[in-house]
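Structural features, examined
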Amino acid sequence: MSSKNLTRKRSPHDFVFKQELGHGSYSTVYKVFDKHSVNHVYAIKVCSKAHIIKENKVKYVTIEKNTLNLLARACHPGIVRLYYTFHDEENLYFVLDYASGGELLQLLHKMGRFSESWSLHFSCQLIDTIEFIHSKGIIHRDLKPENVLLNRFGRLMITDFGTAATPLNQQKQEDDQNESPRCSSFVGTAEYVSPELLLSNQCDFASDIWALGCIIFQFIMGVPPFRGKNELQTFEKIASLDYLWNNQHYSSNKIDPVIIKLVQKILVLNPQERLTLTNMKKDEWFDKVDWNNKDHIWRGIWQ
Ligand code: ADE
């Protein structure tokens, strides 16, 4: 892109829109080519202004934009980067990294479950990214395999920060509701929702760690740990910690007991007793991981 183009406000006419990549409650994501730069491919998230206003989603779109802007400056490999935004009369547009490998959930469905070495490498990438997000004071609040994409090298990228909590909106909620500095409205997806959000309408950094525990279980087993016939049943299972590995004596001749123990230390009802990311990194499962060597985490088995 020339410097002249960079200073001009962009519009949808600057892009060739290709196939739809996915859609959320108020947005649709498309693969696009930038007309001004050869072979430059992005994902554009298109949010209908009328729909956002009608459905009262202005807050979520603002959160997503602020959070992605804050995270984009650091350029972490595990986060879908926001390049810029623009709008026209009808829509808001977010120009994002295109993750050509699609959703991690699709890959998991295709494979059935992941091997322990794939699970380990994917878990390392998620831990490194979540630690980074938390270091910026942000709670994602909707971590799940649909919100994790794969780039062309098979590396993971977390997306969809529409329900994130930043220090700013946490503060606002605190002012609004005179509550603790934690967020307190139901967001997220039933199967990955933390017990503290369900039972006391509170979520904190530990709620993302709960979701990570559910995701690690799902890597190994192919399905999330808590899944009822409907949302209510799923919630009941979460609140009573009713999942396959919740038994000190649970063992399987197919699964390394170290992984089972790790998940048992993450899926703990009391968020204060839940494993922290710092302690998780010291767990036996990650013994061979050099956390200070980003190349090791981000290239790993892919090289
Ligand atoms: N689906 C949703 N967001 C996407 C992105 N940024 N890249 C590829 N597929 C997506």
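The structure this text deals with has already been given above.
Within each chain, residue numbers correspond to sequence positions counted from 1 in written order. In keeping with the predicted nature of the model, local features appear solely for residues at pLDDT of at least 70, side-chain atom pairs appear and are counted solely at 80 or more, and the whole-chain, interface and lining totals rest on all residues. Remark: hydrogens and water are excluded; side-chain values derive from all non-hydrogen atoms of the structure.

**Notes on the layout of surface pockets**
What the largest pocket holds in volume is close to 860 Å³. Using a grid of 1 Å spacing that covers the protein atoms alone, one calls a set of points a cavity when a 1.4 Å probe fits there but cannot get out, and a pocket when the set is open and has protein on both sides within 12 Å along at least five of seven lines; lining residues are those with an atom within 4 Å of a point. Lining of the largest pocket is provided by 35 residues; of these, His23, Gly24, Lys45, Asn147 and Asp160 occupy positions nearest its centre. Counting residues per element, the ones that place at least two in the lining of the largest pocket are strand 1 (15-23), strand 2 (27-34), strand 3 (41-48), helix 3 (58-72) and strand 6 (102-103). Among the residues making up the lining of the largest pocket, the classes are represented as 13 nonpolar, 13 polar and nine charged. Grid points are joined across faces, edges and corners, and a volume is the space filled by probe spheres set on the points. Its boundaries defined by the atoms lining it, the second largest pocket holds a volume of some 480 Å³. Lining the second largest pocket are 21 residues; nearest its centre among them are Tyr83, Asp97, Tyr98, Asn151 and Met157. For this classification, the nonpolar set comprises Ala, Val, Leu, Ile, Met, Phe, Trp, Tyr, Cys and Pro, the charged set comprises Asp, Glu, Lys and Arg, and every other residue, Gly included, is treated as polar. Along the lines of polarity and charge, the residues of the lining of the second largest pocket split into 13 nonpolar, four polar and four charged. A run of DSSP states H or I qualifies as a helix once it reaches four residues; a run of E qualifies as a strand once it reaches two. Both are numbered from the N-terminal end.

**So, the packing of aromatic side chains**
Here the aromatic set is Phe, Tyr and Trp, taking the six-membered ring for Trp, and pairing holds for ring centres within 6.5 Å; pairs whose planes are under 30 degrees apart are stacked, those over 60 apart are edge-to-face, and all others are tilted. Taken as a whole and judged by the stated rule, the model has 15 aromatic pairs. Ring geometry for Trp285 and Phe286: centres 5.2 Å apart, planes at 50°, overall tilted. The two residues Trp285 and Phe286 agree in class, both being buried. Here Lys59 stacks its cationic end above the ring of Tyr60, 5.6 Å away from the centre of that ring. Exposure categories follow from relative accessible area, calculated using a 1.4 Å probe and restricted to protein chains: below 20% of the type maximum is buried, above 50% is exposed, and the middle band is partly exposed. Over a ring means this: the NZ of a Lys or the CZ of an Arg is within 6 Å of the ring centre and within 35 degrees of the ring normal.

**Topic: the pairing of strand 4 (residues 82-87)**
One bridge is not enough; two strands pair if DSSP finds at least two bridges between them. Sheet analysis places strand 4 next to strand 5 (residues 91-96), joined by five bridges and oriented antiparallel. Residue Tyr84 lies in a different strand from strand 5, and its bridge partner there is Val95. Linkage of strand 4 to strand 5, two consecutive antiparallel strands, is achieved through a turn of three residues.

**A closer look at the nonpolar core**
Put simply, a nonpolar core is a bunch of buried Ala, Val, Leu, Ile, Met, Phe, Trp, Tyr and Cys residues held in one set by side-chain atoms that sit within 4.5 Å of each other. Leu104, Leu126, Trp245, Met280 and Phe286 are the most contacted members of the largest nonpolar core, which has 77 residues in total. By the convention used here, residues are in contact when the closest approach between their heavy atoms is within 4.5 Å. With residues up to four places along the chain from it excluded, the contact list for Phe286 reads Leu120, Ser123, Cys124, Ile127, Leu262, Met280, Lys281 and Trp291. Counting nine residues, the second-largest nonpolar core is a separate cluster that includes Phe15, Ile44, Val46 and Val95.

**Here's the deal with the environment of Val46**
Tracing the backbone through its elements, the reader meets Val46 in strand 3. In this view, Val46 contacts Phe17, Tyr26, Ser27, Thr28, Tyr30, Asn91, Leu92 and Tyr93; residues no more than four positions away in its chain are not counted.

**Considering the sheet that holds strand 6**
Read from one edge to the other, the open sheet built from three strands follows the order 6-7-8, with strand pairing classed as antiparallel. Where the open sheet ends on each side, the last strands, each with one partner, are strand 6 and strand 8 (156-158). The pairing of strand 6 with strand 7 (residues 148-150) spans two bridges and is classified as antiparallel. Considered in strand 7, the bridge of Glu103 is made with Leu149.

**Examining the site of the ligand**
In the vicinity of the ligand, the contacting residues are Leu21, Val29, Ala43, Asp97, Tyr98, Ala99 and Leu149. Residue Asp97 places a main-chain N or O atom 2.8 Å away from a nitrogen atom belonging to the ligand. Notes on the ligand: free accessible area 260 Å², of which the protein chains cover 91%. Think of it this way: if more than half of a molecule's atoms are within 2 Å of a pocket's grid points, that molecule is in the pocket or cavity. More than half of the atoms of the ligand fall within 2 Å of the grid points belonging to the largest pocket. For the shell around the ligand, the residue count by class is six nonpolar, no polar and one charged. Think of it this way: one heavy atom of a residue within 4 Å of a molecule or strand is enough to make that residue near it. Under the rule applied, a polar contact is a pair of N or O atoms within 3.5 Å (in protein, one hydrogen donor and one hydrogen acceptor; residues adjacent in sequence only if both atoms are side-chain atoms). Reported accessibility uses the Shrake-Rupley method at a 1.4 Å probe radius. Residues are deemed covered only where the shown protein chains occlude them.

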